[in-house]
Amino acid sequence: MAELKEADAAQLHQEDVDIKRADGGDALSAGDKAADQAEKTEGAADSDAKPSTTTSDRHISIQTKLEGLEVLVDLNGAGRKSCPLCPEEKFKACYSHKLRRHLQNLHWKVYVEFEGQMMCICHLPCRNLKPSLSGDQASGRHVAHYHCVVCSVTIARKTDMISHLKRHVNKGETEASYSGSSDVQYEEPAPSGQPYEIMKELGTNVQLLPNHTTPQKSDTYFNRKMKTNRQLVFCSLAVLAEERSPIECLDAFGATGIMGLQWAKHLRSAVKVTITDISDTCVKMIKENCELNNIRLDGGSRGPRGPEVATSEVEGTPIATVEVVKMDANVTMHLWPFDYIHLDPFGTAVNYLDAAFRNIRNLGIISVTSTDTSSLYSKSPNVTLRHYGCHIIRTEYYKELAARMVVDTVSRAAARCNKGIEVLLAVALEHFVLVVVRVLRGPTQADESTKKLRKLVHCQWCEERVFLKKGNMVDETLPCNCQGSMPGKTAVQLGPLWSGPLFNTGFLRRMLSAAVKHSMDDIQPLVKTLICESDCTTLKSLVHGSSALSNQVECGVVIKTLKSGEESGQAEQSGKRKSGEESGNVLKRMKCEASLDHPPFYYSIHRHSIRGMNMPKLNKFLQYLTEAGFRVSRTHFDPTGVRTDATLEQFKSVLTKYSVPTNTNASVPQTSVSMDKTL
């Protein structure tokens, strides 16, 4: 019986289908339509799960301008009109002027912007109903939400939508699933399948992936805040290129390759640039950036390169040559010698110092950039002890403490290879610590460098500090009397640290000349501050050339700069490198440039201010210290810092002498009495 019933039901169903086809053509039943609609919805959801470049109808809440929302409703017509983004029960139909204010204040005002697309808030029943407290979903209310322009998901909170978009960016999913209006232009996708943006710095174009600011998500990491660092490194290389030519230089961590490309594009035949990176993505991106800047790629055999002929910038003719190598930085530095090596890893560079000093040529330069500011600036002392082998605490001069700690680590790495160092430059700013040193071969030079590694005695009460000499007791070293007047132990030992000078005046002057020559206006004030700091003076003549000099006063410092249209210096053109004469000339220049060492560390005028007293202006205070017979200058480590050879007690005495009490109201009553008499 059951089989007969199933056969009859099937026959009746077939007859109904035939009748419907005869009446309405190929019309489908309501159930079939619902099934087809469900399949289409599932297919659309699957297609929206991944970003695609196909053009489809975007949600009406995603617009590029406010006029896009107003176009959805004919606001110029008469009569009442409903809001296109609100249901009828939430916002009743109203006249045009009220609806225009509603669209602007409720929907457009809280939009989330992404690549030119404005995701306005939507109140339509696109999401499930939020259940009420009793759990009845029918009595709940619709939740306001945003529609993602990338994956079309609906998110209620604005902050959650912003975080959601950031995750898309970190994954490289930035191509919107919905095409914008005709005036929005999307960037051409890179050969790797991800969209990129082109950034220009110092005349060099580089491609950047969307997640270039997140090193954990991208190999081609690029930090726009390190522009000062890149320009300082470029100037130091330009100075070395004036001493010897051509020089072989290495950018050990290429990433996007912008630093090595800047060297090759501006210094041309004076340098032979090698860019290395361990990541396949980075190497591919560097090669694409070479083509973007019209720079020829070398074969990569690391053989002797032929002489490069200076070519004019004709379209299609390479202006320079760069060698790109996919290799670990330590392996590259062990295999081939270089004249200039730049280390800029993500974090600390201590793991690459031994390899850098192993094969560096005599009188070559190594620049080290450390970005692990948490350990350098005394926020993670256990990491500091593990990486640098130094014990430090947070002090008022913590930035110079970090610079001397990095130089100490570099000096010990050089000594292990029987090499010494001469510090040319040490800069500590907010995001990095840069140290540039010249390498001096020989065990004698190594011994001289290691003698400058000392412990620092620091008073935790008054913050007086002095380097500990051999054979001295800690309590007898500090000039302050805090140990006897305060209970307990006030002095601690920090370090070991580099106790020698941090700057070379002659090298900094030539760096300033290179900055002027290549139009690097951003770092010129910093280099001028470094020159004055190296000489520990507030008034210094900075000479860039031998002729056509014009004076310029800046921050109390007389600066001599080249006039426009003049070339600085004379270019030395020598075909072959004469190692003996070159070494002798450089050593003579180093002896001439060696000036009186600047005092170590500095004092903050705000840290040692006197309560209830108005301090003098900083420039005036520098003048008062100079009149008292002390060497004094400002420092780039701290805008309120003063570098001087005076002790802390002498520093405070001069500050107290020229400070004025804040309660200077003695003249106020006399003025008021005279005014009363006049009235």
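This one's a predicted model, so the numbers in the text were calculated from it and none came from an experiment.

I keep staring at helix α5 (residues 158-170) and nothing clicks. Help me out?
Residues spaced three or four apart along an α-helix point in a common direction, a consequence of the helix completing one turn every 3.6 residues. Helix length check: α5, at 13 residues, gives a terminal C-alpha distance of 19 Å against a target of 18 Å (1.5 Å per residue), a fit within 8%. Those residues of α5 that fall on the buried side of the exposure criterion are M161, H164, L165 and H168. The arc enclosing the buried residues of α5, seen along the axis, measures out at 95 degrees, which places them on a common side. Facing away from the buried side of α5, by more than 90 degrees, are the exposed residues T159 and K166.

I tried to follow unusual backbone geometry on my own but got confused; where do I start?
Apart from glycine, the bulk of residues carry a negative phi angle, and the bulk of peptide bonds sit in the trans form. Following S245, the chain continues to P246 via a peptide bond in cis, the omega torsion being -5 degrees. Note on placement: P246 falls in the loop between α6 (227-243) and β8 (247-251). Here the amide bond leading from G495 into P496 is cis, since omega sits at 10 degrees, within 30 degrees of zero. Checked against the element boundaries, P496 lands in strand β18 (residues 491-498). Even without being a glycine, S519 presents a positive backbone phi close to 60 degrees. Here S519 lies in the loop between α17 (505-517) and α18 (524-535). Take S519: its relative accessible area is 55%, and that puts it in the exposed class.

Mind showing me how you'd approach the side chain of T490 here?
With respect to the element layout, T490 can be found in the loop between α16 (482-485) and β18. With relative accessibility at 8%, the residue T490 sits in the buried group.

Just to check I follow, could you spell out the sheet that holds strand β2 (residues 112-114) for this structure?
What the three strands build is an open sheet, ordered β1-β3-β2; its pairing is antiparallel. Since the sheet does not close on itself, it has two edges, and those belong to β1 (62-63) and β2, each with one partner. The pairing of β1 with strand β3 (residues 117-119) spans two bridges and is antiparallel. Residue Q63 lies in a different strand from β3, and its bridge partner there is M118. α5 rests against β2 and β3 of the sheet, and its axis sits at about 10 degrees to β2.

Honestly, the confidence of the model for the protein chain in this entry has me stumped. Any pointers?
Close inspection of predicted coordinates is inappropriate in any region flagged by low pLDDT. For the protein chain, the average pLDDT comes to 77, and 70% of its residues sit at 70 or higher. The model gives residues 19-56 a pLDDT under 50, and that stretch makes 23 contacts with residues more than four places away or in other chains. Low confidence marks residues 176-194, where pLDDT is under 50. Its contacts with residues over four positions away, or in another chain, come to 55 contacts.

How do you make sense of the sheet that holds strand β9 (residues 271-277) when you look at a structure like this?
Strand pairs in the sheet, formed through backbone hydrogen bonds, run parallel or antiparallel to each other. Taken in spatial order, the eight strands of this open sheet run β10-β11-β9-β8-β12-β13-β15-β14, and their pairing is mixed. Edge positions in the sheet fall to β10 (296-297) and β14 (419-428), since each has one partner strand and no second. In the packing of α17 onto the sheet, contacts are made with β13 (360-370), β14 and β15 (433-441), and the angle to β14 comes to roughly 55 degrees.

What is the right way to read the packing of aromatic side chains from this model?
Within a pair of aromatic rings, the relevant descriptors are the distance that separates the centres and the angle that separates the planes. As enumerated under the stated definition, the model contains ten aromatic pairs in all. Considering the side-chain rings of Y397 and F601, the 4.6 Å spacing of their centres and the 55 degrees angle between planes classify their relative orientation as tilted. Note that Y397 is positioned in the loop between α12 (381-388) and α13 (398-415) and F601 in the loop between α19 (579-593) and β21 (603-604), a separation of 204 residues in sequence. The residues Y397 and F601 share a single accessibility class, namely buried. Seen from the ring of Y398, R394 lies directly overhead, with NZ or CZ sitting 3.8 Å from the centre. Over the ring of F601 we find R404; its NZ or CZ atom is 5.2 Å from the centre of that ring.

Sorry, what's going on with the side chain of S375 here?
Tracing the chain through its elements places S375 in helix α11 (residues 373-376). Residue classification places S375 among the buried residues on the basis of a relative accessible area of 1%. A distance of 2.9 Å separates polar atoms of two side chains, one belonging to S375 and the other to D372. Setting aside anything within four residues of it in sequence, one finds S375 in contact with S380, V383, T384, Y388, I392 and M405.

Mind showing me how you'd approach the packing of helix α20 (residues 618-627) against helix α21 (residues 648-657) here?
What describes two packed helices is the angle between their axes and the distance between those same axes. α21 packs onto α20 with a crossing angle of 120 degrees between their chain directions and a minimal axis gap of 10 Å. By the angle between their directions, the pair α20 and α21 is classed as oblique. By crossing handedness, the relation of α20 to α21 is classed as right-handed. In contact with F621, Y624 and L625 of α20, α21 contributes F651, V654 and L655. Class assignment for the residues of the contact of α20 with α21 results in six nonpolar, no polar and no charged.

Rules and cut-offs
- Counting from 1, residues in each chain are numbered in the order their sequence is written.
- Since the coordinates come from a predicted model, pLDDT governs what is reported: local features require at least 70, and pairs of side-chain atoms require 80 or more to be given and counted, while whole-chain, interface and lining totals use all residues.
- The side-chain figures draw on all heavy atoms in the structure; neither hydrogens nor water molecules are used.
- Secondary structure elements follow DSSP: runs of H or I no shorter than four residues count as helices, runs of E no shorter than two count as strands, and numbering proceeds from the N terminus.
- Given a helix with a known number of residues, its expected span is that number minus one, times 1.5 Å.
- To sort residues, take the accessible area from a 1.4 Å probe on protein chains only and compare it with the maximum for the residue type: under 20% means buried, over 50% means exposed, and anything in between is partly exposed.
- Note that the arc is computed from the directions linking the helix axis to the C-beta atoms.
- Pairs of strands are assigned from DSSP output, requiring at least two bridges between the strands.
- A contact between two residues is defined here by any heavy atoms of the two lying within 4.5 Å.
- Note on method: axes are straight lines fitted to C-alpha atoms, helices fitted across the in-contact stretch only, with angles between N-to-C directions ranging 0 to 180 degrees.
- Confidence of the predictor in every single residue is expressed as pLDDT, which spans 0 to 100.
- Here a Phe, Tyr or Trp ring, Trp counted by its six-membered ring, pairs with any other such ring whose centre lies within 6.5 Å, and the pair is stacked when the planes are under 30 degrees apart, edge-to-face when over 60, and tilted otherwise.
- Two limits define a charge over a ring: the Lys NZ or Arg CZ must be within 6 Å of the ring centre, and within 35 degrees of the ring normal.
- Throughout this description, a polar contact denotes any pair of N or O atoms lying within 3.5 Å of each other; where both atoms belong to protein, one of them has to be capable of donating a hydrogen while the other can accept it, and for residues adjacent in sequence the pair is counted only when both atoms sit in side chains.
- We call two directions roughly parallel when the angle between them is under 35 degrees, roughly antiparallel when it is over 145, roughly perpendicular when it lies between 65 and 115, and oblique otherwise.
- By convention the crossing between two helices is left-handed if the near helix lies anticlockwise of the far one by an angle smaller than a right angle, and right-handed if it lies clockwise.
- Classes in brief: Ala, Val, Leu, Ile, Met, Phe, Trp, Tyr, Cys and Pro nonpolar; Asp, Glu, Lys and Arg charged; the others, Gly included, polar.

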